[in-house]
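# A closer look at the structure
Okay, here's what each chain looks like letter by letter:
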Amino acid sequence: MIAIRAARSDDAAAIAAIYAPYVETGTVSFELEPPDSRAMRTRMAASEGLYPWLVVTNGDEEGGVLGYAYATKFRDRPAYKYIVETSVYLASGTQGQGNGRQLYDALVSTLRAQGFTHAVGAIALPNDHSIRLHESVGFRRTGVLREVGYKQGRWIDVGFWQRELNPATIPPLEPKPFSEVGLVRNG
């Protein structure tokens, strides 16, 4: 049995360890050097209580971290503050067991409760696993940027998937901080 909870600063080392292989051996991430636990802790703190960071663990609240998901600003301009970009990473050997789907469901439910209008997932292509995961939680393909990342001796396309979270109202409603809403499992 797995558990999903809000990430804590002491999860930073486990999160960094999960992310490192994606940076070092693949093209899923366009980073060239994996961040260490301090850098990951800084990224988590940069969410300033607004954007959720979640972890999935093996069993209980204190179990080992099997994966993580988070949301961040889609873009820096103020007009984008109602939209988030999402990411999910699973530890090697834990894919295909439903952990990513449950983690992503919790992230989407939490973002809906916060009042964000849309979530965007950027996927380095090809990546059938990530595409299936995004589509399983309601994302739809909205476009592709051709040859925008260069890594491992080749140019890589990036596809964008988008999911409505809440209707866009006029005027828009201010998103609530994650620190106020907390983890929402079903929304």
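A brief structural summary. Sequence order sets the numbering: in each chain, residues are counted from 1 along the sequence as written. In keeping with the model being predicted, local features are shown solely for residues with a pLDDT of at least 70 and side-chain atom pairs are shown and tallied solely at 80 or more, while totals for entire chains, interfaces and linings include all residues. Only hydrogens and water are set aside when side-chain values are computed; all heavy atoms of the structure are taken into account.

We now examine a nonpolar patch on the surface. Only residues above 30% relative accessible area that lack a salt bridge enter a patch, with like-charged residues linked at up to 9 Å and the nonpolar side chains Val, Leu, Ile, Met, Phe, Trp and Tyr linked at up to 5 Å. Computed by Shrake-Rupley with a 1.4 Å probe, the accessible areas treat only the displayed protein chains as cover when residues are assessed. We define a salt bridge as a contact between a side-chain nitrogen of Lys or Arg and a carboxyl oxygen of Asp or Glu at a distance within 4 Å. Side chains of Phe30, Leu145 and Val148 sit close together on the surface and give an oily, nonpolar patch of about 250 Å² of accessible area. A run of DSSP states H or I qualifies as a helix once it reaches four residues; a run of E qualifies as a strand once it reaches two. Both are numbered from the N-terminal end. Locating Leu145 in the fold gives a position in strand 6 (residues 140-151). You can call Leu145 partly exposed: its relative accessible area is 42%. In this scheme, a residue with accessible area under 20% of its type's maximum is buried, one over 50% is exposed, and one in between is partly exposed, where area comes from a 1.4 Å probe on protein chains only.

Once that is clear, we can look at the packing of aromatic side chains. Classification of ring pairs rests on two measures: the distance between centres of Phe, Tyr or Trp rings, Trp counted by its six-membered ring, which must be within 6.5 Å, and the angle between planes, read as stacked under 30 degrees, edge-to-face over 60 and tilted in between. Inspection of every chain in the model, using the stated rule, returns ten aromatic pairs. Where Phe74 meets Tyr80, the ring centres are 5.5 Å apart and the plane angle is 70 degrees; that geometry is what we call edge-to-face. Judged by its relative accessible area of 16%, Phe74 falls in the buried class. In this structure Tyr80 comes out as partly exposed when scored by relative accessible area, which is 33%. Here the aromatic residues Tyr19, Tyr22, Trp53, Tyr68, Tyr70 and Tyr89 are joined through ring pairs into a cluster of three or more. Whether a charge sits over a ring depends on NZ of Lys or CZ of Arg being within 6 Å of the ring centre and within 35 degrees of the ring normal. The positively charged end of Arg75 is found above the aromatic ring belonging to Phe74, 4.4 Å away from the centroid.

Turning to the nonpolar core, a few remarks are in order. Buried residues of nine kinds, namely Ala, Val, Leu, Ile, Met, Phe, Trp, Tyr and Cys, make up a nonpolar core once their side-chain atoms join them within 4.5 Å. Ranked by internal contacts, the top residues of the largest apolar core, which has 44 residues, are Ile15, Met40, Trp53, Tyr68, Val84 and Tyr104. Elements supplying a minimum of two residues to this core: helix 1 (12-24), helix 2 (37-45), strand 2 (53-57), strand 3 (65-73), strand 4 (83-90), helix 3 (99-114), strand 5 (118-125) and helix 4 (128-136). For this core, the leading source of residues is helix 1, giving seven residues. Residues are treated as being in contact if the distance between any of their heavy atoms lies within 4.5 Å. With residues up to four places along the chain from it excluded, the contact list for Tyr68 reads Ile15, Ile18, Tyr19, Met40, Trp53, Leu54, Val55, Ser87, Val88, Tyr89 and Leu103.

The subject of this paragraph is the sheet that holds strand 6. The sheet built from seven strands is open, its strands ordered 1-2-3-4-5-7-6 with mixed pairing. Where the open sheet ends on each side, the last strands, each with one partner, are strand 1 (3-6) and strand 6. Along the sheet, successive strands turn relative to each other by an average axial angle of 25 degrees, direction set aside. One ladder, built from three bridges, connects strand 4 with strand 5; its direction is parallel. The residue of strand 5 that forms the bridge with Glu85 is Val120. Running at roughly 165 degrees to strand 5, helix 4 makes contact with strand 4, strand 5 and strand 7 (154-164) of the sheet. Any two strands with at least two DSSP bridges between them are considered paired. The axes are straight lines fitted to the C-alpha atoms, using for helices just the contacting stretch, and the angles between their N-to-C directions are given from 0 to 180°.

Function cannot be read off these values alone, since they describe shape.
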